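Given next are the chains, with one letter for each unit.
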Amino acid sequence: MDGREELAVRFEAERGRLGAVARRMLGSTAEAEDAVQEAWLRLERVDAAEVENLPGWLTTVVSRICLDVLRARRTEPVLVEGGEGIEGAVDGPEAEAELVEEVGRAMLVVLDRLGPAERVAFVLHDGFAVPFEEIGPIVGRNTVAAKKLASRARQRVRGAGEERGTGDRVVVEAFLAAARGGDLDALLAVLAPDVVRRADPAALPAGRAVVLRGAEAVAGETRVIGRRARFGVPVLVDGAVGAAIAPDGRLRLLLRFTVADGRVAAFEVVADPARLAAAEVGLADEVR
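Given the structure is predicted, the values throughout are model-derived calculations rather than measurements.

Here the focus is the packing of helix H1 (residues 3-26) against helix H4 (residues 93-103). Running from N to C, H1 and H4 cross one another at 95 degrees; their axes reach a closest spacing of 11 Å. Looking at the two axes, H1 sits roughly perpendicular to H4. Two secondary-structure elements touch here, H1 through Ala20, Arg23 and Arg24 and H4 through Leu99, Glu102 and Val103. Split by residue class, the contact of H1 with H4 holds three nonpolar, no polar and three charged.

Here you go:
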């Protein structure tokens, strides 16, 4: 086995770990594979004898590639045609399912809301135990600044304020489960009789009412839009238990709930991009 063949073998031994790093940084299987492949191409162009720590060198290169991708991303439209644009994964349904299984939909949502340097620092340190002395040069900061980046990211991942308790989360989970299955009886069981649903106009198909009142009306409408619920996951929204609708781990809608006596007394569907950007979204306890 010559030197290049040995290098290829060593690279393949690192591919799985590098892919896991890149998937968490980018939230996309396809982009992660491209980043890892680009790292291999760069490795082929260097003198391998000068690379003393190949795993560390590859981690640095993949991280910098991911950082460049994150910085280059353009803001995507949240919805089109009154919410009809929510269909599924950019990478394809199988890749999305694998990514969600590996990372978690809620984690993908909160990671996607971090700044590029914050995300890279948080993933490397909290996810893969890379020391800050190595993270600093990757994100163009000194060690102290890299620690601050990861700390700020950690606070944002945890969400603002204090969770109101497990009771609200159970109700939200029951609502999402009933909506996914289009189960009218289950929806009526989780909705208060005088429930009120409000929604941004952008969240609804044309002609749908922005405000609905009463369990039967709200349950019927929820069944109509229930296909979105398959992308739903409980999260903290400004410190209270809510839900994110996030195909491919990218936030499209937020649901804000008011829970009383074990039922949904009111909820709001938020789709306006400015309101989505302003909301503090964090992980609920069970997925932290």
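Here alanine 265 shows up in strand E6 (residues 263-270). The sequence separation of alanine 265 and valine 190 amounts to 75 residues, and the corresponding C-alpha distance is 9.2 Å. In this view, alanine 265 contacts Ala192, Asp194, Val195, Val196, Thr258, Val259 and Ala260; residues no more than four positions away in its chain are not counted.

It is worth spelling out the pairing of strand E1 (residues 191-199) at this point. Pairing of E1 with E6 involves five bridges; the strand directions are parallel. Note on E6: the bridge partner recorded for arginine 198 is glutamate 268. The sheet contact formed by E1 and strand E2 (residues 211-213) spans three bridges and is antiparallel. Among the inter-strand pairings, arginine 198 is bridged to a residue of E2, identified as valine 211.

Below, the discussion takes up helix H2 (residues 29-44). Every α-helical turn comprises 3.6 residues, leaving residues that sit three or four positions apart pointing alike. Under the 1.5 Å per step criterion, the end-to-end length of H2 is 23 Å for 16 residues, consistent within 8% with the ideal 22 Å. Among the residues of H2, Thr29, Ala32, Ala35, Val36, Ala39, Trp40 and Leu43 are the ones counted as buried. The arc that holds every buried residue of H2, seen down its axis, measures 140 degrees, which confines them to one face. Of the residues flanking the start of H2, the one acting as N-cap is serine 28, its side-chain oxygen 3.2 Å from the backbone nitrogen of glutamate 31.

Attention now moves to unusual backbone geometry. Trans peptide bonds make up the majority, and among non-glycine residues the majority have a negative phi. Residue alanine 129 is not a glycine yet carries a positive backbone phi of 55 degrees. For alanine 129, the position within the fold is in the loop between helix H6 (116-128) and helix H7 (132-139).

What follows covers the packing of aromatic side chains. The geometry of an aromatic ring pair is captured by the separation of the ring centres together with the interplanar angle, meaning the angle of the planes. A complete count under the given rule lists four aromatic pairs for this structure. Aromatic pair phenylalanine 11 and tryptophan 40: ring centres 5.1 Å apart, planes at 50 degrees, arrangement tilted. Placement of the pair is phenylalanine 11 in helix H1 and tryptophan 40 in helix H2, with a sequence separation of 29 residues. Among the residues examined, phenylalanine 11 registers a relative accessible area of 0% and is labelled buried. For tryptophan 40, a relative accessible area of 15% puts it in the buried group. With centroids separated by 5.7 Å and ring planes inclined at 25 degrees, the aromatic side chains of phenylalanine 257 and phenylalanine 267 adopt a geometry described as stacked. Taken together, the positions of phenylalanine 257 in strand E5 (residues 253-260) and phenylalanine 267 in strand E6 put the pair 10 residues apart, joining distant regions of the chain. Across the pair, phenylalanine 267 and phenylalanine 257 agree in class, each one buried. In this structure an aromatic cluster arises from ring pairing among Phe175, Phe257 and Phe267.

The rules behind the values
- Residues numbered from 1 in each chain as written.
- Predicted model: local features only at pLDDT ≥ 70, side-chain atom pairs only at ≥ 80, totals over all residues.
- Heavy atoms only, no water.
- Axes fitted to C-alpha atoms, helices over the stretch in contact; angles between N-to-C directions.
- Helix = DSSP H or I, 4+ residues; strand = E, 2+ residues; numbered from the N terminus.
- Parallel < 35°, antiparallel > 145°, perpendicular 65-115°, else oblique.
- Contact = heavy atoms within 4.5 Å.
- Nonpolar A, V, L, I, M, F, W, Y, C, P; charged D, E, K, R; others polar.
- Pairing = 2+ DSSP bridges.
- Expected span 1.5 Å × (residues − 1).
- Buried < 20%, exposed > 50% of the residue type's maximum accessible area, 1.4 Å probe, protein only.
- Arc of directions from axis to C-beta.
- Polar contact = N/O pair within 3.5 Å; in protein donor to acceptor, adjacent residues only side chain to side chain.
- Phe/Tyr/Trp six-rings, centres within 6.5 Å; stacked < 30°, edge-to-face > 60°.

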